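# Structural description and commentary
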Amino acid sequence: MGERVMYQERKGTAGRPSTYLYLPSCSAFRSVDLNDGRGGVEGVGARMVGWAREVFLPQGYPESVSPDYLHYQFWDSMQAYCSSIAGALSLQATLIGLGVGEGTATPLAATLSWLLKDGSGMVASIAFAYWKGTQLDCNSKQWRLFADVTNDLNSLLRLVGPALPVPFLLVLCVSGLLAALVGVAGGSTRAALAVHQARCDNMADISAKDGSQETLVNLAALVTNLTLLPSFTATLSTTWVTFLTCVSLHLLANHRAMRALTLASLNRPRLLHLLSCWAADGASPAAIPSPADANLAEPLLFGPAFITDYFPHRFRVSIGCSLHWALQRCGGDPGVLYKAASGAFKGQRYMLCGSLQRRQLHIVYRSGITTEEELEGVVMAFLCVLNYCHATQGTPLSERLIAPGITTTTTTTTTTTTEYELITAVRKVVVREFPTLLKSMEELGWKVDKLQFGADEWRLMDD
């Protein structure tokens, strides 16, 4: 008898191994079962799991996606299921408001009302994309939650709409406006999260499989609605109990989904948390939080991410702004301020223009600035704020980060000259500490080459 010829293969690292044995009698390889006598039910179950993985998970899972993918998708599916049920309850109220079932209602009136609703939504979507489009990438978690909260408010409005003492057409138009905000914020942030999850240039595959997962969840919600909706809407009390339960679970699932994400890109809230930990521990590299820790500490809703120029100690810091606009905002003699700022940052591709007394700083970029220099500019502004508050209010600050000549007895800075003396002194601290800070951030996995500060596009041209 000749030597047995056999090989095994599997599709992906999580796939079920398939074994093939060469049969000389038919001169071909045939699949064989090596389950050692175990029942065929296990084999059927494994094949079903493998089929589901291919249909609903990206190719190459889990290596092709981020480590937080499955945890996030679980909670995302939960929120989609609850949202579908709540939406069905509000849809019934919308149809009642349009006059479905009433003899006096006409198809034309309902059609015109729906068209006006769509029109108001179109205008709102264009305005919202113009107003907040650049912030959706920077704070994708916060705006994703904003979209879900707005979606629940829209469902609530439609549910109570027929009982409100206003024309239902107005309710429909406001509903269309809210739906437009949900569409822009939700769709844009979903794309941003797909970029984060993609590890093998497979963003399109991830987006497609996410759509398949959501369709399956909506199908399950449809079955639930078809079978249980008559019970849910039997009385007003059961309708409201069901709606509020679904909304509560929807918001909880969304919050857990956002907490499951570990984004390594630096936006303003994550960077400020990182710098606060670093400064509180005396500029020790060991105090810098990892992306996972910083994401857990990031405020998700109604936090500083919604204030575009937020900074600690009630300071406002704009990034990449126009120098002309900054000089006008700071007050005083713009010529004196320009000379002081350009002199303090001579040879640099960024400069700080502002008034510490007014608690505002503006980071102005020059042409050709790199992402590393952009990050250095924000760190510079952060240390200027800490040193100013230390000098004028006695706010505790590590000795390593105190600029030369700055103490709690320093005279309160009230002129442009004395303020820029402080800024120039802080610059020496930044030159000493920033390289170590940058290296530590890179070692922890922060993407220092991908900054999401929402910086404006103004650039000061070279002389």
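Our structure is the block above this text.
A short tour of the structure in this document, coming up.

Criteria and cut-off values
Residues numbered from 1 in each chain as written. Predicted model: local features only at pLDDT ≥ 70, side-chain atom pairs only at ≥ 80, totals over all residues. Heavy atoms only, no water. Pairing = 2+ DSSP bridges. Helix = DSSP H or I, 4+ residues; strand = E, 2+ residues; numbered from the N terminus. Axes fitted to C-alpha atoms, helices over the stretch in contact; angles between N-to-C directions. Buried < 20%, exposed > 50% of the residue type's maximum accessible area, 1.4 Å probe, protein only. Arc of directions from axis to C-beta. Contact = heavy atoms within 4.5 Å. Polar contact = N/O pair within 3.5 Å; in protein donor to acceptor, adjacent residues only side chain to side chain. Phe/Tyr/Trp six-rings, centres within 6.5 Å; stacked < 30°, edge-to-face > 60°. Patch = residues over 30% accessible without salt bridge, like charges linked within 9 Å, V, L, I, M, F, W, Y side chains within 5 Å. Areas by Shrake-Rupley, 256 points an atom, 1.4 Å probe, with all protein chains shown as cover. Salt bridge = Lys/Arg side-chain N within 4 Å of Asp/Glu carboxyl O. Parallel < 35°, antiparallel > 145°, perpendicular 65-115°, else oblique. Left-handed = near helix turned anticlockwise from the far one by under 90°.

### Here's the deal with the sheet that holds strand 2 (residues 18-23)
Spatial ordering of the open sheet is given by 1-2-3, a layout of three strands whose pairing is antiparallel. Each having just a single partner strand, strand 1 (6-9) and strand 3 (28-32) make up the two edges of the open sheet. Strand-to-strand twist across the sheet, computed as the mean angle between neighbouring axes with direction ignored, equals 30°. Pairing geometry for strand 1 and strand 2, over four bridges, is antiparallel. By the bridge assignment, Glu9 is partnered in strand 2 with Ser18.

### Describing helix 10 (residues 323-330)
Among the residues making up helix 10, those that are buried are Leu323, Ala326, Leu327 and Cys330. Considered in projection along helix 10, the buried side chains sweep an arc of 100° and stay on one side of the axis. Away from its buried face by more than 90 degrees, helix 10 exposes His324 and Gln328. Looking at the buried positions of helix 10, the neighbouring elements they touch are helix 11 (334-344), strand 6 (350-355) and strand 7 (360-365). The N-capping residue of helix 10, defined by a side-chain oxygen 3.3 Å from the backbone nitrogen of His324, is Ser322. Directly after helix 10, the chain includes Gly331, whose backbone phi takes a positive value near 75°.

### Thoughts on the packing of aromatic side chains
Evaluation of the coordinates by the stated rule reveals twelve aromatic pairs. Plain terms: the ring middles of Trp51 and Phe56 are 6.5 Å apart, the flat faces sit at 90° to each other, and that makes the pair edge-to-face. Residues Phe128 and Trp131 carry aromatic rings whose centres are separated by 6.4 Å and whose planes lie at 70° to one another, so their mutual orientation is edge-to-face. A residue pair is termed a helical-turn pair when its members lie 3 or 4 positions apart in one helix, as Phe128 and Trp131 do in helix 3 (residues 107-138) at three residues.

### Things to note about unusual backbone geometry
Of note, the bond from Tyr61 into Pro62 is cis; its omega dihedral lies within 30 degrees of zero at 5°. Its place among the elements puts Pro62 in the loop between helix 1 (40-56) and helix 2 (69-97). The backbone of Ala283 shows a phi angle near 65°, a positive value even though the residue is not glycine. Position of Ala283 relative to the elements: it lies in the loop between helix 8 (268-280) and helix 9 (291-297). The phi dihedral of Arg314 is positive, around 60°, even though this residue is not glycine.

### A word on the sheet that holds strand 5 (residues 316-319)
Strand order in the open sheet formed by three strands is 5-7-6, and the pairing between neighbours is mixed. With partners counted over all chains shown, the strands left at the sheet margins are strand 5 and strand 6, one partner each. The mean angle between the axes of side-by-side strands here comes to 20°, regardless of whether they run parallel or antiparallel.

### Observations regarding a nonpolar patch on the surface
Where nonpolar side chains cluster on the molecular surface, the patch consists of Leu216, Leu219, Leu222, Val223 and Leu226 and spans about 480 Å² of accessible area. Secondary-structure assignment places Leu216 in helix 6 (residues 203-232).

### Details of the side chain of Thr239
Within the element layout of this structure, Thr239 appears in helix 7 (residues 236-260). A distance of 3.0 Å separates a polar side-chain atom of Thr239 from the backbone oxygen of Thr235. Apart from the residues lying within four places of it in its own chain, the contact partners of Thr239 are Leu89, Leu159, Phe232 and Thr233.

### Things to note about the packing of helix 8 against helix 13 (residues 416-443)
Contact pair helix 8 / helix 13: the axes reach a minimum separation of 13 Å and the direction vectors enclose 120°. With respect to helix 13, the element helix 8 is oriented oblique. The handedness of the crossing between helix 8 and helix 13 comes out as right-handed. Of the residues in helix 13, those touching helix 8 at Leu271, Leu274, Leu275 and Trp278 are Glu433, Leu437 and Met441.

### Looking at the pattern of salt bridges
Here the structure, examined in full by the defined rule, presents 13 salt bridges. The shortest N-O distance in the salt bridge between Arg190 and Glu214 comes to 3.6 Å. You can see Arg190 sitting in helix 5 (residues 168-197) and its partner Glu214 sitting in helix 6, a full 24 residues away along the chain. A relative accessible area of 26% means that Arg190 is categorised as partly exposed. Between Arg349 and Glu373 there is a salt bridge whose closest N-O contact spans 3.2 Å. Taken together, the positions of Arg349 in the loop between helix 11 and strand 6 and Glu373 in helix 12 (residues 371-393) put the pair 24 residues apart, joining distant regions of the chain. Overall, the relative accessible area of 35% leaves Arg349 in the partly exposed class. Of the residues examined, Glu373 reaches a relative accessible area of 18% and is grouped as buried. Each of Asp76, Arg144, Asp148, Arg190, Asp210 and Glu214 takes part in a single network of salt bridges with overlapping partners.

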